[in-house]
Amino acid sequence: MSIQLPCLNLRPDVKSELNSQQNYLCTYAQDGESLWIRNRDVVWMKGNVVYRRLSFESDESIISTLFCCFNGENKSLVVVSREQASIFYEDGRMNVVSFSFNVRNAFCFEHGIILEKVQDLVADIEDSSRNVRFLTMTDALADYGAVVSSSTSTIGVEEELCSFSESRSSSNLCCTFDKLNDSIHIYHLKYLIRKENSRSSSASGHTHAKRRTKQKPFAISSTPNSSKLVDEKDVSAKKRINSLSQVLSIDRMASGPDTGSDFHSHTHNASVMSSNGQALRKDVILTKVYTFSFNDTRENLNIFSIKCDRQEAVVIHNRRTFELCVVIFNYAHDSLSLPSFSSIYRLSALDSKCISTRKNEFNTSHDGYIIILKDEFTLFLANPFFDLLSPPINLKNKVPPISMITSTFEECIAMLAENNKIYEINLVLHPQNQLVDKLLSMMKYCGGDYTFEYVWLKWCCVLELDPSHDEWTCLLTTLLSVILPNDLKFKCFNDINELTGCLPLLEKFRLLVDDSKYQLSDLSPILILSIHLLREDLKLNIMCSQQVDTLGVILAQLTRWASWTDTWICYYQQSHDIVDKSLKLMIPQLFPKPPNIVESLSSIFTDAIVPYITFSQLVEEPDYIDELMTPRTFHVLKLFEAIISNDFSEGDVISMMLDYQISSTDLETYPMGVYFPLKSIMTKCKEHSSDLSTQELALVGRKDLQLLFADMPFQQLFHFHQRPASSQGSRDVHQILQALNEHDVLTAWDGQLEADRMHTTRKIFSEDRRFHEITRLLQSSKVQPALLNSHAKMNEHDFHILQKHLALTVALRTLTIPLGRSAIFISSRRPLITERFPIPKLNFQCVLLPQEITITLEKSAVDSETIEWGYFHNGVSAGLTVSRDATEISGSWIVFNRPPKLNAQHAGFLYGLGLNGHMKKLEEWHIYNYLGPKHLHTSVGLLLGMSASLKGTKNLKLTKVLSVHIVALLPTGSTDLNVSLGVQASGLIGIGLLYLQTQHRRMSEMLLSQIKRSLVVDERELVSETYRLSAGIAFGLINLGKGDHLGGLNDTHHLDTLFSLACGSRDTQTKQQLDKSSAGAIMAIIFIFLRTNSGDIANRLDIPDAEQLLDYIRPEFLLLRVLGKQIILWDSIECSLRWVSDQVPRSINLKAIELIGDLNSDCLKYLYIVTGLCMSISLRFASTCDKGARETLLWYFDQFMRLTSLSCVTHDHKITLKSVMELRDLLGISLSIIAAGSGDLEIMRRLRYLQNDTNFCKYGNFMAINMALGFLFLGGGQYAFKSDLLSIATLLVSIYPVFPKVANDGEDVLLQALRHFWSMAVEKRCLIVRDAETLETLSLMIHVVLKNGSSKKFSSPCLLPDLNDIDSIIVNDDGFFSIKMDMDALNEKFKKSPTIFVLKKRFHNSLKRDLNEVIMYDGNINHHQKNQNHSQFALNSFKSHLGLLKHEREALLNNNYDFLSNAIDFKLEILQKSKHPKDVEDYWNLKLVFQFSERQHHLHFMNLNFLELLKDELYHTYGI
């Protein structure tokens, strides 16, 4: 019987259809892929699956088929013929590259392919400079590069490229065949081509990132005609390929010196001239290093290169003479030097191929091997670098006679048999057992490369001899063959353990193989010590106890045979019955006692340090070898050195654990002595984790902080946490019906609200039903109830008239409800892009109470203009509910929601989307399709919406669109486009938003001219106050807050013009009607000097003190000027009744408002001024819930409520009452702005009363009241108003103190649309505290520290103060880990959606028992203290209760708390190991725990008293 290597079928279970077909050639690639080639057919296989089948109908034969990676990108298949190359990518793309020359051959290299041209000898003789034989193609669309010779070498005319290295890692040699001189020239490759941003890899193949470089105090360790190409997978791509190939052909024919964008040449002028005059970059330089004589033809040549460490070789095989020569070269340590010739290794073979092996996890591989076909049925493995030849691989009776080897990849070999079929085999070269693989890899570092390869081949041979093919048994046999002498007789041994059981197999091996030529017995002590160190490393993994026991038996036997001292033999704690004592070898003992890793670790906490020998020190290798072979030993030694070092903190230890990839799960597998110190440090860092990174937070278990600093949005981090049905408890019939009713209230208009948003809102308003009530009040899709007050004597006709009047009033209220609803549900939905967005309906039916009569309003009862604006507001409300974070909104989806005929509701929807920033992606043709019909509401909504989305961008496309709708921007003499007044006014506002705060001079001058200009609409000249107001607002927006830096505006006296229009006194009316310009001028001045605290400007804008002069000013202008003065002097606004009274001119401040007992127009000036002052307070203290501001405005609001209840007899009284009602509504809005999002009950009660008033309220009153109700519950209690300049300006525009008397007021077209500008002034400011594990919203106390030093307490979820005023946020609850966040360090994600995650402690301190806990633990402690010593009592208590507290026992039995159970498990483990130790290792681990605890003043994972009691018990029990 002869020994041979094991050989198995590659895929015995699944056979490819191609294996049974003839004349195919197989070529392997990476990842189990292969190419099967026959004539003009190419099959791309992935495993046994046909991935792509290609058939080429051209008459040209295929020159080469190969895989390559162009520019280092994804792999592609390249099929090269004489005139073109077809490139197939994995993603389905394809390129056909046509050549302007003929190709002889093609090879793959690491950046693409090498092309060898068919040389034109006549042209070469005439001009030798045009001789560029070899070209590089690095991309289908890139220019060619050149492969040229160095200055010391010359490539002959007759040389043909026959071998080229695929990558620098495999070889740096290439070969050419010189048929003129019958020789082979070997060249060294130098690459000039570089990919940008490439990084060189480590020379050792192993990199270790060191986080810190602090010094340790000590160490424990001492295409023309492309249509002929037919792709059976994608035949439909022919036309595209044709056109693409033509483009590529033209590109290839182009001339120019530029190189590809992804690569650069070595020097600036590194280029040569190609045969067609192109300037080619130099990509590769060839330098000749050796010439080998080959007296045969090119067809009989088989040549390839191999590499092993710092040696390379070229294998030259003559298939005719069967002679195989391996030319070996050596590389010096200097990487820049050329290889030098070393030797020639000769063999005889039918065929040969390079065979490569993959690197294992221990950084070892078997390089430099070739597979040799010795005869028809025999294969050999040969390593010419070490002169090693394996035993034969016998294929007889397995496959037919083999004629050649077609391809190899790792252990896979494809062979062509004489029957022209492909057969595949798989060599068993790598062990599957990880322990076997590691022990074999250790041989590389113990004895060198030759020993490693020699022992590996031995193991392969023994594996074939063993009938069971057991890798572990074969490894032990191989190990014995190294240690035991060759002349040893095996019959005297008894089969009492695994090692002695391998002796018969060893005897069988030695009978067949004579390995006496190479003795390795000198390595015996190193091998035994290496196995011991490996066992010590496995001891650090409690999951490897079986392997530790196995190696313990092996080491006990080896140390007994080696005649080492009993200290070694007894260390492994093996029974004497399983250790053979019949053999005594004289193997040197290197150490007096075995190294013990746990003993060395425990000694570092004492003064007597016990050194530990590491594997790298044993084999004299760099220390990174330890991390490969004994990783746990390496990691633990480094970590414990850091623990005792003063230069390292606990955070550094956590960082090192992260670098070593030790997760919390991995830590559980370490033994008790190692686990306890590291777990204690992790627990400490868990409590104090402010300086840890995100990955370190995940390691210590602070999921709360990890989620807080995560980069992805919160919406992607979690979905709303649904409670299980079992936790909700059973519900009775009343609760079920109530839930159904609540659902009905919401689904009609808000059925797609995100559950998390609603859950948080209900959490905020969980104490009562105020949110339920506000949703009922602002419900527009259901029948509206109304109270009908009638007396018994009223006749039927009057009663019917009263019903119709009441129904009309309720309909007007319904039309204004969307103004408030949009504020509550702003940015709350994420629409499905495949569905139309639902818009709530408007229901005009009315139920009259108490009669319960349902009235359906006739269409003719309400004018169409009023209904249109109601539907417009309804559309805006729907658009505003679309979340600002929804990134899927596109122009196509917006058009998808367009109705067949444009209407006001869709116009409002466009406007609402624009206010939330979703109109940026609307294409030009969409814009023109919307604006073409000249639908008023659509034009207004689209222009304002797009301007809001693109505010401040100066977008040129939108500027052109707006210019078409603004007559002032059209050239002189332009055709009148007949644009309506409302659209032109909207265009002016759009210009102001588009050029926001840009101080654009051209636009500023245009807008200033429009403040006092009249318009011609429908051939009628109009003087519109709304148009002039819009010009003033736009002018102010462009120069918003720039009062201190006006720039060129001062040169043109713009301010003088504005003040003359705003403050000029006029007793006569002129044709220009300049009084209609006052509002726009006042708004412009306010915006320009907003929050500048400019006293001069404020005084100029202030109202006159003389009462006679006030008669010349309209009351609403008084309000605006008073309001403007105060918000210019922003910092001087106070929130007290006294401050308001002091700001009123003395001439009219003759009596207090509470003393007014009769309504007359004389008191309007005073009331308007007071209202303006109150509005300034609301803007100054917006969303602050300031108590002083709230109380001040509530007092004035109640006074206005009283005034509206006074009797009205005369016409003057009735006119005054309407004005007072408007001012009352403005105060209601001001109150809701101060308490925005709070749902203040006092304010809500008053506003609810006003909304139910159907006797006196009109359309404008309902607009203001519903807006106030919406502001009061802004964003469902989660949003607030910002305090920046734009927010103040847009909020002021939305509450402009002139509400329409009726909806069809032509002058109020623009103002109705501007009522929604508040949406640009809000931000999400609700702080939500969530459980990091369940993601449930929690109610915890929050401490907010402001930058002024004060602090406030809130209960989450809660509205935060202005984020710019917050210094830090602190969450400090006994049941959760505390968190302190500095606002400056928080990312933008938190500011967009303030959310804090907290982590439950889960009895985190339960094991840190103090005296109080002991008293609670045992109530009769006082009785025992009287009768016996306290320590003796504590010891008895410890024994009787197993050291566990009552709640600890309950938690252990119930298993409700992960962390606590984990800690209790460790506590019980210590008790178990102290009472019933399995071996001495348990005591060493206990000692390590005690040594660590003695150095700690406070443990965060275990109580020191518990450990002290444990030590007392061990002392009393064992005397230790």
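The structure this text deals with has already been given above.
Thresholds applied
- Residues numbered from 1 in each chain as written.
- Predicted model: local features only at pLDDT ≥ 70, side-chain atom pairs only at ≥ 80, totals over all residues.
- Heavy atoms only, no water.
- Disulfide = S-S within 2.5 Å.
- Buried < 20%, exposed > 50% of the residue type's maximum accessible area, 1.4 Å probe, protein only.
- Pairing = 2+ DSSP bridges.
- Helix = DSSP H or I, 4+ residues; strand = E, 2+ residues; numbered from the N terminus.
- Phe/Tyr/Trp six-rings, centres within 6.5 Å; stacked < 30°, edge-to-face > 60°.
- Lys NZ or Arg CZ within 6 Å of the ring centre and 35° of its normal.
- Axes fitted to C-alpha atoms, helices over the stretch in contact; angles between N-to-C directions.
- Contact = heavy atoms within 4.5 Å.
- Parallel < 35°, antiparallel > 145°, perpendicular 65-115°, else oblique.
- Left-handed = near helix turned anticlockwise from the far one by under 90°.
- Nonpolar A, V, L, I, M, F, W, Y, C, P; charged D, E, K, R; others polar.
- Polar contact = N/O pair within 3.5 Å; in protein donor to acceptor, adjacent residues only side chain to side chain.
- Core = buried A, V, L, I, M, F, W, Y, C linked by side-chain atoms within 4.5 Å.

Undergrad: Go over the state of the cysteines, please, and point to the residues and values.
TA: Counted under the stated rule, the structure contains 0 disulfides. Distance from the sulfur of C69, which forms no disulfide, to the nearest cysteine sulfur (C68) is 6.7 Å. Judged by its relative accessible area of 30%, C69 falls in the partly exposed class.

Undergrad: Describe the pairing of strand β46 (residues 1366-1371), naming the residues involved and giving the relevant values.
TA: As paired elements, strand β43 (residues 1341-1346) and β46 share 5 bridges and run antiparallel to each other. Pairing of V1344 across the sheet is with I1369, part of β46. By the bridge criterion, 4 bridges tie β46 to strand β47 (residues 1379-1382) in an arrangement that is antiparallel. Among the inter-strand pairings, V1371 is bridged to a residue of β47, identified as I1379.

Undergrad: Describe unusual backbone geometry, with residues and values.
TA: Looking along the chain, the bond that leaves L849 and enters P850 is cis, with omega of 5°. A cis amide bond links S1356 to the next residue, P1357, at an omega of -10°. One non-glycine residue, N397, adopts positive backbone phi at about 70°. Topologically, N397 is positioned in the loop between β30 (393-394) and β31 (402-409). A relative accessible area of 77% means that N397 is categorised as exposed. In the Ramachandran plot, S827 falls in the positive-phi region, its phi being about 55° despite a non-glycine side chain.

Undergrad: Got a sec to walk through helix α46 (residues 1285-1294)? Specific residues and values, please.
TA: Of all the 10 residues making up α46, 9 are buried; the element is thus mostly covered by neighbouring parts of the structure. Listed as buried for α46 are L1286, S1287, I1288, A1289, T1290, L1291, L1292, V1293 and S1294.

Undergrad: Pulling in residues and values, what's your account of the packing of aromatic side chains?
TA: All chains considered together, the criterion is met by 33 aromatic pairs. Taken together, a centroid distance of 6.0 Å and an interplanar angle of 0° make the contact between F765 and F771 stacked. You can call F771 buried: its relative accessible area is 7%. Chaining the aromatic ring pairs together yields one cluster made of F605, F640, F676 and F1492. Looking at K75, its charged tip hangs above the ring of F67, at a distance of 5.2 Å from the centre. Just above the ring of F1059 sits the side chain of R1100; from NZ or CZ to the centre is 4.0 Å.

Undergrad: Can you lay out the sheet that holds strand β36 (residues 853-856) for me, pointing to particular residues and giving the numbers?
TA: Hydrogen bonds between backbone groups are what pair the strands of a sheet, and the pairing can be parallel or antiparallel. Spatial strand order, β34-β35-β36: 3 strands in an open sheet with mixed pairing. Two strands close off the open sheet at either side, each with one partner strand: β34 (784-787) and β36. Sheet twist, expressed as the average angle between the axes of neighbouring strands with direction ignored, equals 30°. In this sheet, β36 lies alongside strand β35 (residues 845-849) in antiparallel orientation, the contact comprising 4 bridges. Bridge assignment links V847 to a residue of β36, and that residue is T854. Across the face of the sheet, helix α25 (residues 796-824) comes into contact with β34, β35 and β36 while running at roughly 135° to β34.

Undergrad: Give a detailed account of the packing of α25 against helix α45 (residues 1259-1272), specifying residues and quantitative values.
TA: Where α25 contacts α45, the two axes come as close as 7 Å, and the packing angle between them is 30°. In terms of orientation, α25 lies roughly parallel with respect to α45. Of the two elements, α25 crosses α45, and the hand of that crossing is right-handed. Contact with α25, carried on its side by T809, L812, R813, L815, T816, I817, L819, G820, A823 and I824, involves Y1259, F1262, M1263, N1266, M1267, G1270 and F1271 of α45 and no other residues of that element. For the contact of α25 with α45, the residue count by class is 11 nonpolar, 5 polar and 1 charged.

Undergrad: Help me get a handle on the side chain of T406, residues and values and all.
TA: The topology assignment puts T406 in strand β31. For T406, the side chain forms a polar contact with the main-chain oxygen of C26, separated by 3.2 Å. Not counting the four nearest positions on each side in its chain, T406 is found in contact with L25, C26, K353, A414, M415, L416 and I422.

Undergrad: Outline the nonpolar core, supporting the account with residue identities and numerical values.
TA: Counting residues in each nonpolar core, the largest one holds 206 residues, and the members touching the most others are I991, L1058, F1087, L1167, F1281 and W1318. When residues of this core are assigned to their parent elements, the largest contribution, 11 residues, is made by helix α41 (residues 1164-1180). Every residue in contact with L1167, bar those within four places of it in the chain, is listed here: I1153, I1156, F1200, L1203, V1220 and L1223. Judged by nonpolar contacts, the second largest core, of 180 residues, contains L379, L457, L506 and L534.

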